[in-house]
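Chain and residue survey
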Amino acid sequence: MFTDEELEGLRRFPEIGREELFRFFTLTPADVAFVDPGRGRGPADRLGLAVALCTLPWLGFVPDDVASAPPAAVARLAAQLGVDLDVIRSYGRRAKTRTDHLRLAAKYLGWRLAGSLELKELDEFLLARAMEHDSPTLLFRLACEYLISAKVIRPGPLIVVKRVAHAREVARRETFDRLAHELTDERRAGLDGLLVTDPAIGMTRLRWLGKGPVEASPSAVKAEVAKLEFLRGMDAHILDLSVLPAERRRFLAMVGRRLTAQALQRREPERRYPILLTLVAQSATEVLDEAVQLFDQAVSARESKAAHRMRDALAERAKSGEDRQALLDAILAIVADPAVPDEEVGGLIRGERIGWERLRSAQAGALPALPRDHGHLAVLDGSYGYLRQFTPQVLEAVPFAGGTAAADLLRAVEILRELNATGARKVPAVAPVSFVPARWRGYLDAAAKSGNASAYRHYWELCTLLALRDALRAGDVWVPGSRRYANPAAYLLTPAKWANHRAEFCRLVGKPADAASGLAQVSDELQTALGQLEQTLAEGDGPVRLDAAGDLVISPLTAEDIPAEAVALKAELTEMLPFAPIVSLLIEMDKRTRFLDCFTHAGGKQTRTPELKRNLIAVLIAHSTNLGLTRMADACGISYDILAWTAEWYVREETLRAANLALIGYHQKLPLTSVFGSGTLSSSDGQRFPTRGKSITARALSRYFAHEGLSTYTHVTDQHTTYGTKIIVATKREAHYVLDEILGNASDIPITEHATDTHGVTLVNFGLFDLLGLRLSPRIRDLGKVTLYRAGPKAQAISAFPLAGPLLTRRANLDLIAAHWDELLRLAGSLKFGHATASLLVGKLSASSRQNALAAALKEYGALRRSIYAARYLSDAGYRRKISRQLNKGESLHALKRDLLYAHEGAIRARHLEQQSEQAWCLTLITNAVIIWTTEYYGLAVESMRRSGRRIDEEVLAHISPAHSENINFFGSIDVDVEGELAQLGPTGYRPLRVRDTLF
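Thresholds applied
Residues numbered from 1 in each chain as written. Predicted model: local features only at pLDDT ≥ 70, side-chain atom pairs only at ≥ 80, totals over all residues. Heavy atoms only, no water. Helix = DSSP H or I, 4+ residues; strand = E, 2+ residues; numbered from the N terminus. Contact = heavy atoms within 4.5 Å. Areas by Shrake-Rupley, 256 points an atom, 1.4 Å probe, with all protein chains shown as cover. Lys, Arg positive; Asp, Glu negative; His and termini not counted. Charge placed at Lys NZ, Arg CZ, Asp CG, Glu CD. Buried < 20%, exposed > 50% of the residue type's maximum accessible area, 1.4 Å probe, protein only. Pairing = 2+ DSSP bridges. Core = buried A, V, L, I, M, F, W, Y, C linked by side-chain atoms within 4.5 Å. Axes fitted to C-alpha atoms, helices over the stretch in contact; angles between N-to-C directions. Parallel < 35°, antiparallel > 145°, perpendicular 65-115°, else oblique. Left-handed = near helix turned anticlockwise from the far one by under 90°. Nonpolar A, V, L, I, M, F, W, Y, C, P; charged D, E, K, R; others polar. pLDDT = per-residue confidence, 0-100. Phe/Tyr/Trp six-rings, centres within 6.5 Å; stacked < 30°, edge-to-face > 60°. Salt bridge = Lys/Arg side-chain N within 4 Å of Asp/Glu carboxyl O. Expected span 1.5 Å × (residues − 1). Arc of directions from axis to C-beta. Disulfide = S-S within 2.5 Å.

Let's shift gears to the overall build of the chain. Regarding its fold elements, the chain presents 44 helices and 15 strands. For the chain, contacts bridging at least 24 residues in sequence account for 75% of all contacts bridging at least 6. Element-wise, carbon and sulfur atoms account for 51% of the exposed surface of the chain, whose accessible area totals about 46,100 Å². Side-chain charges in the chain split into 126 positive and 119 negative, and the spacing between the mean points of these groups amounts to 2 Å.

For the rest of this paragraph, the subject is the pairing of strand 10 (residues 722–728). With respect to burial, strand 10 is a largely interior element, 6 of its 7 residues being buried. As paired strands, strand 9 (residues 709–717) and strand 10 are joined by 6 bridges and run antiparallel to one another. What sits directly across from Tyr713, in strand 10, is Lys726. Connecting the antiparallel pair strand 9 and strand 10 is a turn made up of 4 residues, with His720 showing a positive phi of about 80 degrees.

Moving on, we get to the side chain of Gln886. By the secondary structure assignment, Gln886 is in helix 41 (residues 877–900). Among all residues touching Gln886, those that are not within four sequence positions of it are Leu681, Ser682, Ser683, Val716, Thr717, Asp718 and Ala755.

Before going further, it helps to examine the sheet that holds strand 10. Here 5 strands make up an open sheet; going across it, the order is 10-9-8-11-12 and the pairing mixed. The outermost strands of the open sheet, each flanked by one partner alone, are strand 10 and strand 12 (775–776).

With that settled, the discussion passes to the nonpolar core. By size, the foremost hydrophobic cluster in this structure holds 190 residues, and its most contacted members are Phe400, Trp460, Ile582, Phe595 and Phe599. Beyond its immediate stretch of four places on either side in the chain, Trp460 contacts Ala412, Ile415, Leu416, Leu419, Val427, Ala431, Pro432, Val433, Phe435 and Leu444.

Next up on the list: the packing of helix 28 (residues 582–593) against helix 29 (residues 612–624). The N-to-C vectors of helix 28 and helix 29 enclose an angle of 125 degrees; their axes lie 11 Å apart at closest approach. Taken as axis vectors, helix 28 and helix 29 run oblique relative to one another. Here the hand of the crossing between helix 28 and helix 29 comes out right-handed. Only Lys613, Ile617 and Ile621 of helix 29 make contact with helix 28, whose side of the interface consists of Ile582, Val583, Leu586, Ile587 and Asp590. Among the residues forming the contact of helix 28 with helix 29, the class breakdown is 6 nonpolar, no polar and 2 charged.

Looking now at the environment of Phe971. Within the secondary structure, Phe971 is located in the loop between strand 15 (968–969) and helix 44 (978–983). Residues Phe971 and Asp342, 629 residues apart in the sequence, show an inter-C-alpha distance of 83 Å.

Quick look at the confidence of the model for the chain now. The predicted model of the chain averages 90 in pLDDT, with 98% of residues at 70 or higher. Per-element confidence in the chain ranges from a low mean pLDDT of 78 for helix 44 to a high of 96 for helix 21 (residues 391–397). Considering only residues more than four positions removed or in separate chains, one finds that residues 996–1000, a stretch of pLDDT under 50, has 12 contacts.

A separate point is the packing of aromatic side chains. By the definition in use, this model includes 16 aromatic pairs. Between the aromatic rings of Tyr443 and Tyr459, the centroid separation amounts to 5.0 Å while the plane-to-plane angle is 50 degrees, which identifies the pairing as tilted. Of this pair, Tyr443 sits in helix 23 (residues 438–450) while Tyr459 is found in helix 24 (residues 453–474), placing the two residues 16 residues apart along the sequence. Taking relative accessible area as the criterion, Tyr443 reaches 10% and is therefore assigned buried. Assessed through its relative accessible area of 14%, Tyr459 is described here as buried. Put simply, the rings of Phe766, Tyr869, Tyr873 and Tyr879 pair up and form one aromatic cluster.

Next up on the list: helix 35 (residues 763–771). Because an α-helix packs 3.6 residues into every turn, residues spaced three or four apart end up facing the same way. Extensive coverage of helix 35 is indicated by the burial of 8 of its 9 residues. Listed in full, the buried residues belonging to helix 35 are Val764, Asn765, Phe766, Gly767, Leu768, Phe769, Asp770 and Leu771. The first or second residue beyond helix 35 is Gly773, which carries a positive phi of 80 degrees.

Before going further, it helps to spend a moment on the pattern of salt bridges. A full pass over the atoms with the stated rule returns 54 salt bridges. Here Arg187 and Glu182 are joined by a salt bridge, their closest N and O atoms 2.7 Å apart. For the pair formed by Arg187 and Glu182, the shared burial category is buried. The partner of Arg388 in a salt bridge is Glu461, with the nearest N and O atoms 3.0 Å apart. In this pair, Arg388 sits in the loop between helix 20 (384–387) and helix 21 while Glu461 sits in helix 24, placing the two residues 73 residues apart along the sequence. Linked by salt bridges that have partners in common, Lys511, Glu525, Asp770, Arg865 and Arg872 make up one network.

The next point concerns the packing of helix 8 (residues 136–149) against helix 9 (residues 157–179). Interhelical geometry of helix 8 versus helix 9 gives an angle of 120 degrees and a closest axis separation of 10 Å. Classified by the interaxial angle, the pair formed by helix 8 and helix 9 is oblique. At the point where helix 8 passes helix 9, the crossing takes the right-handed sense. Mapping the contact onto sequence places Pro136, Leu139, Phe140 and Ala143 in helix 8 and Pro157, Val160, Val161, Val164 and Arg168 in helix 9.

Once that is clear, we can look at helix 27 (residues 564–576). Here helix 27 spans 19 Å end to end across 13 residues, near enough to the 18 Å set by a 1.5 Å rise per residue. Residues Ala566, Leu569, Leu573, Thr574 and Met576 constitute the buried set of helix 27. The arc that holds the buried residues of helix 27, viewed along the axis, is 155 degrees, so those residues lie on one side. Exposed and facing more than 90 degrees away from the buried side of helix 27 are Ala564, Val567 and Glu575. For helix 27, the secondary structure elements touched by its buried residues are helix 42 (913–947) and helix 43 (954–957).

Before going further, it helps to spend a moment on the pairing of strand 9. For strand 9, a buried count of 9 out of 9 residues is recorded, marking the element as mostly surrounded by other parts of the structure. Taking every second residue as pointing to the same face, both faces of strand 9 are buried, with Gly709, Ser711, Tyr713, His715 and Thr717 on one and Leu710, Thr712, Thr714 and Val716 on the other.

Bringing the state of the cysteines into the picture now. Counted according to the given criterion, the structure contains 0 disulfides. Cys922 provides the cysteine sulfur closest to Cys598, a residue in no disulfide bond, and the two sulfurs are 14 Å apart. Given a relative accessible area of 21%, Cys598 falls into the partly exposed group.

Looking now at unusual backbone geometry. The backbone phi angle of Asn626 is positive, close to 70 degrees, even though this residue is not glycine. Turning to its location among the elements, Asn626 is positioned in the loop between helix 29 and helix 30 (628–636). In the Ramachandran plot, His720 falls in the positive-phi region, its phi being about 80 degrees despite a non-glycine side chain. For His720, the position within the fold is in the loop between strand 9 and strand 10.

This is the structure we're talking about:
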């Protein structure tokens, strides 16, 4: 669990930070009186006792060598006691003195020794935590925190280590005992069968279940359905594993995915069966979600292809109709000419001006009238055979449910199931059609009128499948047993839980619980914002003004005026920064942040070899530069097997996020960081990368890719660090993912305002941001064309604001908002308390039908919030500039990432979402490391200039971005020598600047 060196470190004083120094090493008057009773205690004893008194709450124990306490802490205590700090060297020469002082300090503070009762309580605590987490170091840290909270002096680290090991072993036995009732002989045989090669598929069922699809094809859909049926044959979909904590289930399933069949066979039954049982239970849900998602994608792909073909056909139709259009123009010229008498019109058309030949030719070339959808459904009918390859299997295997609004659709799905099962071809006369859009109703009517049962079946079935897809997206239809397509009500806190959380939520976000107060608050904000806009429009000649017709004119922002002094200063600072290969930079950053320690073994094993950091750095560079492990093995001399094993067991999204937080936490403490921004503003934007090979996340988008590609959606602070990264399909709306990382932000970044471009904006987002106590500040393209809402009558708005009032063309439905106010708060509270994923809810609410009153109320509220934002945005040039500057910071980071991801022409070759997410997080991690390294050395260079008498204003520094790579080499051979690199650092632990500097 720990090396001898690490164990020794746990017995000594660690380094102390500024906050800890002031928090723990500040003596109260009572503390001073306790340390210095006035007689019988010399300066050395008083200072040593004070160190013990302050160290106990800090560390939970007092190291034997009290004299080795951090010099800053000793100096602070010496100053408070009025003694010489050097006397600490003579303290504690007798062990009894140290022991007596520890006993006195513990009694004064109310602490206890770790006796049998205390250790028994620690064992109970560790067992409960071990059922959730299996990481030994995490359990060790939790044990230390528990002892501090219980005011129990921590025993030696070996004793705690043994308690942790005992708790992990008991947790394994407890896990097996809790699941024993599920492990019948038949089920054990089925689980063991997963580890044996099945001749029918040529591999083990374990590996087969773990192979995800790479394209939305009929064969891929049917493969997922086959997995679903296999898992149901094992009763995986009805397994109740709620006896285990969710974290324990997640951990066991993760281990099961990473272990080979041979490794699982070698494990004893008490460990093997719980792993396999949780794996198949989780797989049952994931495969069900995958099957429905592939159904959605496959149907949507054919619909999109039909739309493209329809547009091409319309273009050809337009070309062929050019002669008829010319004829019409000629006829209109005669008919509309008032100088031509009515009795001469026919003669001119049929005679010398046009003639019979031209008229008959145009009549012969007449095209049939187009249906309301311009033939879209007719073109899609050409894919009917393709869809029939997999849709019957999906409908048979996947259960669907829904509310009353979807009753007809669900009945249609059931009828279609029966038609597929019986082989019948004719749709029953009672089959519902109410869900068929008006633009397609004509197809059904024409087929029914002509008696063409085959055509009617095709069109009705296509309408049913498309309506089912749309209803699944909106949440009007759901899939029992699914996580992604579950009943939307399951994403919200239950009424009972909400009643307990309502007051706390309203306090956290600053929203009143009653609708009247909430709407009054919004109306006041709207009035204030409109007043500001009225003043701006009254000026008449500014960048935001009204034209002669009363339409809004918004002049584009001029390019940001970056001071010439800032441009020159950045060039000078860049010349001062040292050059560093990317390997050296990462080793240096790990020395200061220990971010590589966040990469823990997925199986809970913790013994870390001396080469582990070297291997981790090689893997991170391989993924972030897109080299891949094979080429990295050639470049760095570390075997592919070692790199692949390290990537499999240590590099995953969980550890990458933790390492990223360690880097961000360090960056926040750098002196220059606060100059860049407050840390309360962030932005998000998508960055697109081409892909190579098939992947269900890749899409064709000719504007960005030669073939196919995907998007990484990143969240960036105004201090230039990236705190969130997510892989999304390039054709999906970015707005659905804006809230995810803000709500899931585990760092100390206090985000209160967020900027996006137009792609990140929906009415749903405007409403949810405000209900969550946040501000959405987008840069909306064509803002002047956006519909603005008012809270009252039109006449009242125009009377109060003669210039701005006419711009508010619609009235918000305040009654609808008031009727659903508590439900809106419950929706936001469910997101705030982590009960649901924001992207899942936002996507369903945005796609919801008109019958969903809650979604309609949220959109009405969002429309009001958008109107308030628009008025503020238009009336405040500084606000507009701030948003633009923040979005530009995100763009500069995109450029840095493109520099990093240079190999294979920047085309991502990972084919599955999990591997793509891990690569995206590696890129984010290395990008942040570059940002932090540059920020730190910029700070050192600025200090050097200021010491030489140079004045540098912080206003100028605020315009300098650390998002550049001029001083960092990403290319060439990669030699990962951790000790060698550290030895090259100067006496201060930094590389020397490229100037003569007394600091170094």
